[in-house]
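Commentary on secondary and tertiary structure
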Amino acid sequence: MPAMKNRDFLNLTHLACAIGALVVGTQAQTADTNVRTAAKKRPNILFIFSDDHAPHAIGAYGSRFAQLDPTPAIDGLARQGMLFRRSYCTNSICGPSRAVVLTGMHSHKNGFRKNGDRFDGSQTTFPKLLRSAGYETALFGKWHLGSDPEGFDTWRILPGQGAYYNPVFIDDTENADGKHGRSVIEGHCTDIVTDLATRWIDERKGDKPWLLMCQHKAPHRNWMPAPRHLDLWKDIDIPEPPTLFDDHADDASPARLQEMTLAHHLNLVYDLFVPPWQSWDPRAGVALDSSGFRNLDRMTKAQRSVWDAAFDVRNRSFFESKLEGDALVRWKYQSYIKNYLRAARGVDDSVASLLAKLEERGLTEDTIVVYSSDQGFFLGDHGYYDKRWMYEESLAMPLIIRWPGVTKPGSTAQAMVQNLDYAPTLLAAAGVDVPDDMQGKSLVPILEGHPPSDWRDAIYYHYHGFPDVHRVARHNGVRTDRFKLMHFYEFDEWELYDLEKDPDELHNVYGKSDYEDIAQGLKHRLRELAKECADGTDTSAKPSAWQSEWRAKLRSTAGTEHANR
């Protein structure tokens with residue numbers, strides 16, 4: 001597996017996916033042609049997708065991080081297009097979210113319910129339909145669906161989660177033995193993915209409209225920023241979430257019995273890059289992810305030198321401080337959130353370069369640009385990291401769309417949308433019929449400034465992953481404008497939140513007398529939505545012996561802190 005230098009393979013000094021000149025528009029479905037005419041040509045589509053980039057880590061969404069200016073380019077895109085303020089996933093986990101985006105169908109319909117499943121590439125996807133309609137299609141970056149990409153003229157993907165530094169890429173070529181080509185590319189993954197897309201644009205021929213999916217690994221765990229970002233926010237304290245020390249006292253037991261807290265499960269060595277100490281046990285703890293730690297050994301000498309220099313003072317101070325309790329949690333939070341935001345800044349750099357290239361080549365008016373991420377993420381909120389839950393920080397997805405000539409710059413949308421809606425939207429924008437079995441709705445009327453009066457009044461959610469890593473219980477739920485009901489059905493427990501009075505979801509009001517009618521109404525709505533979505537998943541409670549056994553197992557790891565030094 002020969003390594004290739006950047007200068008021999010990619011020009012990593014220009015982080016841009018250059019986009020070929022094509023003119024905008026053709027008629028979409030009948031309901032989506034209000035502001036376009038049949039005389040217009042079809043738009044190019046640049047779909048930029050990151051991993052675990054929470055909306056509240058994006059300046060345009062406003063949060064405790066906004067003062068840090070963490071995402072200037074993405075914020076600029078929002079000023080030029082539409083920002084969706086209530087954008088949600090259907091199943092908050094990487095692979096399933098990607099399968100939903102491709103198919104426009106819930107996880108139980110497309111067959112990819114949890115990480116580790118294998119995506120059935122024979123089913124209908126929006127890239128396949130665009131390609132059949134004359135679009136040229138390309139995919140670069142994270143795929144994470146187990147099977148080979150289908151529906152793309154060319155692709156180059158990371159195996160599994162991929163590595164941040166000097167990653168392996170699998171490509172669409174085949175060797176004599178029928179296996180796909182593999183190569184190691186030197187550099188930082190975010191930069192490489194951007195430049196792979198740029199190279200494709202620079203070398204493509206013809207005048208077809210195109211779809212380019214530029215999909216980043218960052219800012220996924222283990223949060224390894226590019227060398228140029230290692231000192232960002234080095235000497236300041238990042239604001240803490242008000243729920244950092246949430247004790248989940250009135251929550252359902254699964255919220256307490258999981259393996260994803262900063263206090264007990266964020267590993268000092270694997271996640272925060274503290275150097276191993278003499279008595280350190282690499283196997284101690286749960287929900288371990290050693291990929292970042294192992295990636296350090298794949299760095300070049302120059303990369304490792306910059307990395308070590310950035311963390312040396314911090315780590316020496318950490319060992320000297322001998323922190324415990326809340327002070328240790330606060331230190332973990334600062335280390336974690338800085339690397340997370342630094343990794344996200346690399347994605348923002350990519351967006352800046354992509355938009356600059358469009359402007360440079362006179363293509364700004366000819367291309368729909370979409371920025372999103374596969375789900376939200378806990379940034380210390382409720383004491384957690386990771387995702388999976390139906391709580392707001394995990395449920396919410398960023399969604400920003402710039403469509404020159406159609407969408408008013410600086411506009412916002414309050415309609416509840418989901419990743420189900422991406423496929424119908426992009427098909428409709430390209431004038432391609434949306435299949436009847438797609439469960440999402442086209443956002444084109446909203447982008448045109450005419451949201452339908454009969455838009456959905458609730459969203460349906462279903463997480464299928466227990467007992468996968470982090471031990472988040474299976475649950476489904478319904479979210480309306482004001483309320484959220486969650487059912488941890490295997491454990492036969494419920495949570496209900498009044499989001500108007502309690503936006504941080506700190507007070508579970510399920511079982512409270514003054515919310516009894518609301519709870520019953522939401523249970524009925526949940527059953528309706530499950531039926532509408534054709535979700536026949538068995539949601540019956542497990543036997544009490546099973547519940548007791550699992551609660552005992554989870555209690556044994558809920559407070560396992562790997563911090564002995």
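Nothing here was measured: the structure is a model prediction, and the numbers come from that model. (Residues numbered from 1 in each chain as written. Predicted model: local features only at pLDDT ≥ 70, side-chain atom pairs only at ≥ 80, totals over all residues. Heavy atoms only, no water.)

1. As for the overall build of the protein
Looking only at helices and strands, the protein features 15 helices and 17 strands. Against the compact-globule benchmark of 24 Å for 565 residues, the protein has a radius of gyration of 23 Å, which places it among compact chains. In terms of principal-axis extent, the alpha carbons of the protein reach across some 65 × 65 × 50 Å. A total of 565 residues make up the protein; the buried ones form 63% of that total. Within the protein, residue pairs in contact and separated by at least 24 positions form 71% of the contacts whose partners lie at least 6 positions apart. Summed over its atoms, the accessible surface of the protein is roughly 21500 Å², and 48% of this surface lies on carbon and sulfur atoms. (Helix = DSSP H or I, 4+ residues; strand = E, 2+ residues; numbered from the N terminus. Rg over C-alpha atoms; globule rule 2.2 N^0.38 Å. Buried < 20%, exposed > 50% of the residue type's maximum accessible area, 1.4 Å probe, protein only. Contact = heavy atoms within 4.5 Å. Areas by Shrake-Rupley, 256 points an atom, 1.4 Å probe, with all protein chains shown as cover.)

2. A few points about the nonpolar core
Proteins that are soluble and globular tend to have nonpolar side chains buried together. Ranked by internal contacts, the top residues of the largest apolar core, which has 76 residues, are F84, F126, L130 and Y391. The dominant element in this core, judged by the number of residues it contributes, is helix α12 (residues 422–429), at six residues. In contact with F84, not counting residues within four places along its chain, are Y61, L399, I401, A413, V417, L443, I446 and L447. Grouped together as the second largest cluster of nonpolar side chains are 45 residues, I48, F140, I201 and C214 included. (Core = buried A, V, L, I, M, F, W, Y, C linked by side-chain atoms within 4.5 Å.)

3. Structural notes on the packing of helix α9 (residues 301–321) against helix α10 (residues 325–360)
Helix-helix packing is characterised by the crossing angle of the two axes and by the distance between the axes. Running from N to C, α9 and α10 point in directions that differ by 170°, and their axes come no closer than 12 Å. Considering their axes alone, α9 and α10 lie roughly antiparallel with respect to each other. In this structure, the crossing between α9 and α10 has a hand that is left-handed. Facing F311, R314 and F318 of α9, the residues of α10 in contact are L328, W331, S335, N339 and R342. Among the residues forming the contact of α9 with α10, the class breakdown is four nonpolar, two polar and two charged. (Axes fitted to C-alpha atoms, helices over the stretch in contact; angles between N-to-C directions. Parallel < 35°, antiparallel > 145°, perpendicular 65-115°, else oblique. Left-handed = near helix turned anticlockwise from the far one by under 90°. Nonpolar A, V, L, I, M, F, W, Y, C, P; charged D, E, K, R; others polar.)

4. Considerations on the packing of aromatic side chains
Within this structure, the stated rule accounts for 31 aromatic pairs. Plain terms: the ring middles of F466 and W546 are 6.0 Å apart, the flat faces sit at 70° to each other, and that makes the pair edge-to-face. With F466 in the loop between β14 (458–463) and β15 (475–480) and W546 in helix α15 (residues 544–558), this pair connects stretches of sequence that are 80 residues apart. One aromatic cluster is present, formed by F378, Y384, W389, Y391, F488 and Y497 through successive ring pairs. Above the face of the W494 ring, K523 is positioned so that its terminal group lies 4.4 Å from the ring centre. Lying over the aromatic face of W550, K553 brings its terminal NZ or CZ to 4.4 Å of the ring centre. (Phe/Tyr/Trp six-rings, centres within 6.5 Å; stacked < 30°, edge-to-face > 60°. Lys NZ or Arg CZ within 6 Å of the ring centre and 35° of its normal.)

5. Here's the deal with α9
Between its terminal C-alpha atoms α9 stretches 30 Å, which fits the 30 Å expected from 21 residues at 1.5 Å a residue. Maximum bend of α9: about 40°, positioned at D312. Inspection of α9 places Q303, W307, A310, F311, R314, N315 and F318 among the buried residues, and these make up the whole buried set. At its buried positions, α9 is contacted by α10. Looking one or two residues past α9, K322 carries a phi angle of roughly 50°, positive in sign. (Expected span 1.5 Å × (residues − 1). Bend = angle between axes of the 7 residues up to and from the residue.)

6. Structural notes on the sheet that holds β14
Spatial strand order, β14-β15-β16-β17: four strands in an open sheet with antiparallel pairing. Single-partner strands in this sheet number two, and they are β14 and β17 (493–498). The average undirected angle you get between the axes of adjacent strands in this sheet is 10°. Two elements, strand β16 (residues 483–488) and β17, share six bridges in a ladder whose sense is antiparallel. Note that in β17 the partner of F488 across the bridge is E493. Helix α14 (residues 516–532) contacts β14, β15, β16 and β17 of the sheet and is inclined by roughly 110° relative to β15. (Pairing = 2+ DSSP bridges.)

7. Brief notes about helix α2 (residues 72–80)
A73, I74, D75, G76, L77 and A78 are the residues of α2 that are buried. Contacts made by the buried residues of α2 are with β3 (82–84), α10, β10 (367–373) and β11 (399–402).

8. Some thoughts on the side chain of R525
Mapping R525 onto the fold places it in helix α14. For R525, the side chain forms a polar contact with the side chain of D457, separated by 2.9 Å. Not counting residues within four places of it along the chain, the set of residues in contact with R525 comprises D457, A458, V478 and E532. (Polar contact = N/O pair within 3.5 Å; in protein donor to acceptor, adjacent residues only side chain to side chain.)

9. Details of unusual backbone geometry
Cis rather than trans, the peptide bond between A218 and P219 has omega equal to -5°. Structurally, P219 is set in the loop between β9 (210–215) and α7 (253–256). For the peptide bond that leads from F466 to P467, omega is 5°, which places it in the cis range. Take P467: it is sitting in the loop between β14 and β15.

10. Concerning the pairing of β17
Counted residue by residue, β17 has six buried out of six residues, so it is predominantly covered. The turn joining β16 and β17, which pair antiparallel and follow one another in sequence, is formed by four residues; a positive phi near 55° is taken by D492.

11. Comments concerning the pairing of strand β6 (residues 154–157)
Of the two faces of β6, the one holding T154 and R156 and the one holding W155 and I157 are both buried throughout. Where strand β5 (residues 136–141) and β6 come together, four bridges link them in parallel fashion. Looking across to β6, one finds that F140 is bridged to R156. The pairing of β6 with strand β7 (residues 168–174) spans two bridges and is classified as antiparallel. Residue pairing across strands places I157 opposite I170, the latter belonging to β7.

12. Some remarks on the pattern of salt bridges
A side chain with one charge can pair with a side chain of the opposite charge if their charged atoms come near. Tallied over the entire structure, the rule returns 33 salt bridges. For R199, the salt bridge goes to E203, with nearest N and O atoms at 3.6 Å. With R199 and E203 both in helix α6 (residues 189–203) and four residues apart, the pair spans about one turn of that helix. Relative accessible area serves as the criterion here: at 36%, R199 is assigned to the partly exposed category. E203 sits in the partly exposed class, given a relative accessible area of 48%. Its salt-bridge partner being D421, residue R456 comes within 2.8 Å of it at the nearest N-O pair. Remark: D421 occurs in the loop between β13 (417–418) and α12 and R456 occurs in the loop between α13 (444–447) and β14; sequence separation between them is 35 residues. The class for D421 is buried, based on a relative accessible area of 0%. Shared partners join several salt bridges into a network, and the residues in it are D51, R98, K142 and D374. (Salt bridge = Lys/Arg side-chain N within 4 Å of Asp/Glu carboxyl O.)

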